[in-house]
Amino acid sequence: MDLAAFVQRARDNDVRFVRFLYCDNGGTIRGKAIHIDKLAGRIQNGIGLTVAMQAMNMLDQLQSVEGMGPVGEIRLVPDVESYVELPYAPHSASMMADMIALDRTPWAACPRSFLRRMLEEAATAGVHVQAAFEPEWTLARQTEDGSFAPADESLCFSTVGWETGGPVIDAIVAALEAQGMPVEQYYPELGHGQQELSIRHAAGVRAADNQLRYRDTMRAVARAHGFFASLAPKPFPDQAGNGCHIHVSLWDDEGNNLMAGDGSPQGVSHFGRHWIAGILDHLPGLVAITCASVNSYRRLQPQSWSSAYTCWGFDNREAAVRIVSGLWGETTPSIHFELKASDNSNNPYLALGALIAAGMDGVRRELDPGEPMAVDPFDLDEAERTRRNILRLPDSLEAAVDALAQDTVLTSALGDLLADAYITVKRSEADAFAAQDLAFELKHHFYKF
Ligand code: GLU
Ligand code: MG
């Protein structure tokens, strides 16, 4: 890359600051910005960051994690391929950064490097992952007393919702497109003020990068229009929760869809079935990463279309793993799956990386997911669910983190330092919110992600 030309282009576009961004173990997007005059050097050598930041929880309470105290330094080194100018912030651009140790190797607690490692392991086994994070979020207004209320009372897919959301959505779409994120669909969702605006899938790391950009973009554009956009899993307890389903498709070295039928039952390949079984097998611990906040478990309830049980199904919106039937008129089979047990409070690098670790473990062990669920699993009686090995997902962050701590496949994929830091941070959040009331929980999740 011609570094001088790269910097000059940014300067010609009037960029003054470039943000080096990352997502931490609490799910918060953070970063530091460098002035354009210093950009060239910092692209090569990064910006310093204390190791302690990966021990910070979502309340900015620093936790005690070995190796993450006040002594020690890493560098945020940007991925220049991820450079975009920010349409919602004057004179600003951003790049996603990796956490690099002083010896110039990826730091063991770097989430983006973790995802890259999982993708590389899968690629070595001939599996290439495309993914799309599918965020739902709530458009809200601040009332005179400082509390938040949904921006409208529109109904599911109702055209009334366009009257409130239309101009903001239009501006968000323009901002996403300006950053190279193609938009696919929009509709007012079920909950009051709830929105769903989806973007196209991308290759592994870029899909997670896009989720960070998406979160920053819609939050900022909504603010500019006088609204607040909440990505909390359950910002209003009496309304539908905000999911962020993760859509995943799997491709071989020649670009063939690895999930497409190979004569196996129901048109999902044996390979695809192993993957699904791996996810279901690890799901109790995996949700500690994909449904990463205390507020997540207010959403993850039966009969909420968020999924609450370890099962899979075809176009079944109560199944944790939903097989999304292929589109009509496609030349390449578009069959893929979505993980419904996921929301915007997660760190998308950790979420997708752990999902891949679970799926690939299913392949290694040739696991079978059993019969697909053709009904709402809540409607089965307990004995039937037990017979079919269908478990209720953990009902709290604390329970999920306990399951994660027991899951040696996931913790060894994360590695000791990242697993230890993540579990410590999440336990501290569970404890901190347990000592407070519902109002505190809602307030501290409402505008954090
Ligand atoms: N809002 C639901 C959730 O929490 C999802 C509804 C749907 O799109 O199926 O995941
Ligand atoms: Mg939806």
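In what follows, the structure referred to is the one given above.
> What exactly am I supposed to notice about the site of ligand 1 here?
What surrounds ligand 1 is the set Glu136, Glu189, Glu196, Gly241, Gly243, His245, Arg299, Trp305, Ser306, Arg317 and Lys340. Trp305 places a main-chain nitrogen or oxygen 3.4 Å from an oxygen atom of ligand 1. In this structure, an oxygen atom belonging to ligand 1 sits 2.9 Å away from a side-chain N or O atom of Lys340. A total of 300 Å² of accessible area belongs to ligand 1 in isolation, and the protein chains cover 90% of it. Split by residue class, the shell around ligand 1 holds one nonpolar, four polar and six charged.

> Just to check I follow, could you spell out the side chain of Asp216 for this structure?
Mapped onto the fold, Asp216 is located in helix H5 (residues 204–224). Exposure remark for Asp216: the relative accessible area of 12% places this residue in the buried category. Within the structure, Asp216 has its side chain in polar contact with the side chain of Arg219 (distance 3.0 Å). The contact partners of Asp216, leaving out residues within four places of it in the chain, are Leu21, Ile29 and Tyr88.

> Even after reading the chapter, I still don't get helix H3 (residues 111–124), so can you show me in this structure?
For an α-helix the count is 3.6 residues per turn, leaving residues at separations of three or four pointing the same way. The terminal C-alpha atoms of H3 lie 20 Å apart, and with 14 residues this matches the ideal 20 Å at 1.5 Å per residue to within 8%. Those residues of H3 that fall on the buried side of the exposure criterion are Pro111, Arg112, Ser113, Phe114, Leu115, Met118, Leu119 and Ala122. Following H3 by one or two positions, Gly126 has its phi on the positive side, about 85°.

> Mind showing me how you'd approach the coordination of the magnesium ion (ligand 2) here?
Each angle at a metal carrying four tetrahedral donors should ideally be 109.5 degrees, and each at a metal carrying six octahedral donors should ideally be 90 or 180 degrees. The protein atoms that coordinate the magnesium ion (ligand 2) are Glu136 (OE), Glu189 (OE) and Glu196 (OE), at distances of 2.0 to 2.1 Å. Counting gaps between the donor residues of the magnesium ion (ligand 2) yields the pattern E-x52-E-x6-E. With Glu136 in strand E7 (residues 128–142) and Glu189 in the loop between strand E9 (183–188) and strand E10 (194–199), the pair connects residues that are 53 residues apart, well separated along the chain. The same class applies to Glu136 and to Glu189, which are both buried.

> Whenever I open this one, helix H8 (residues 348–364) confuses me. Can you help?
The end-to-end C-alpha distance of H8, which contains 17 residues, comes to 24 Å, matching closely the 24 Å that a straight helix rising 1.5 Å per residue would cover. By the criterion of burial, H8 is predominantly enclosed, with 15 of the 17 residues buried. For H8, the side-chain oxygen to backbone nitrogen distance between the N-cap and Tyr349 is 2.9 Å, and the N-cap itself is Asn347. Just downstream of H8, Glu366 is the residue with a positive phi angle, here 50°.

What counts and what doesn't
Residues numbered from 1 in each chain as written. Chains lettered and ligands numbered in written order. Predicted model: local features only at pLDDT ≥ 70, side-chain atom pairs only at ≥ 80, totals over all residues. Heavy atoms only, no water. Near = heavy atom within 4 Å. Polar contact = N/O pair within 3.5 Å; in protein donor to acceptor, adjacent residues only side chain to side chain. Areas by Shrake-Rupley, 256 points an atom, 1.4 Å probe, with all protein chains shown as cover. Nonpolar A, V, L, I, M, F, W, Y, C, P; charged D, E, K, R; others polar. Helix = DSSP H or I, 4+ residues; strand = E, 2+ residues; numbered from the N terminus. Buried < 20%, exposed > 50% of the residue type's maximum accessible area, 1.4 Å probe, protein only. Contact = heavy atoms within 4.5 Å. Expected span 1.5 Å × (residues − 1). Donors = N, O, S within 2.8 Å, 3.2 Å for Na, K, Ca; no water.

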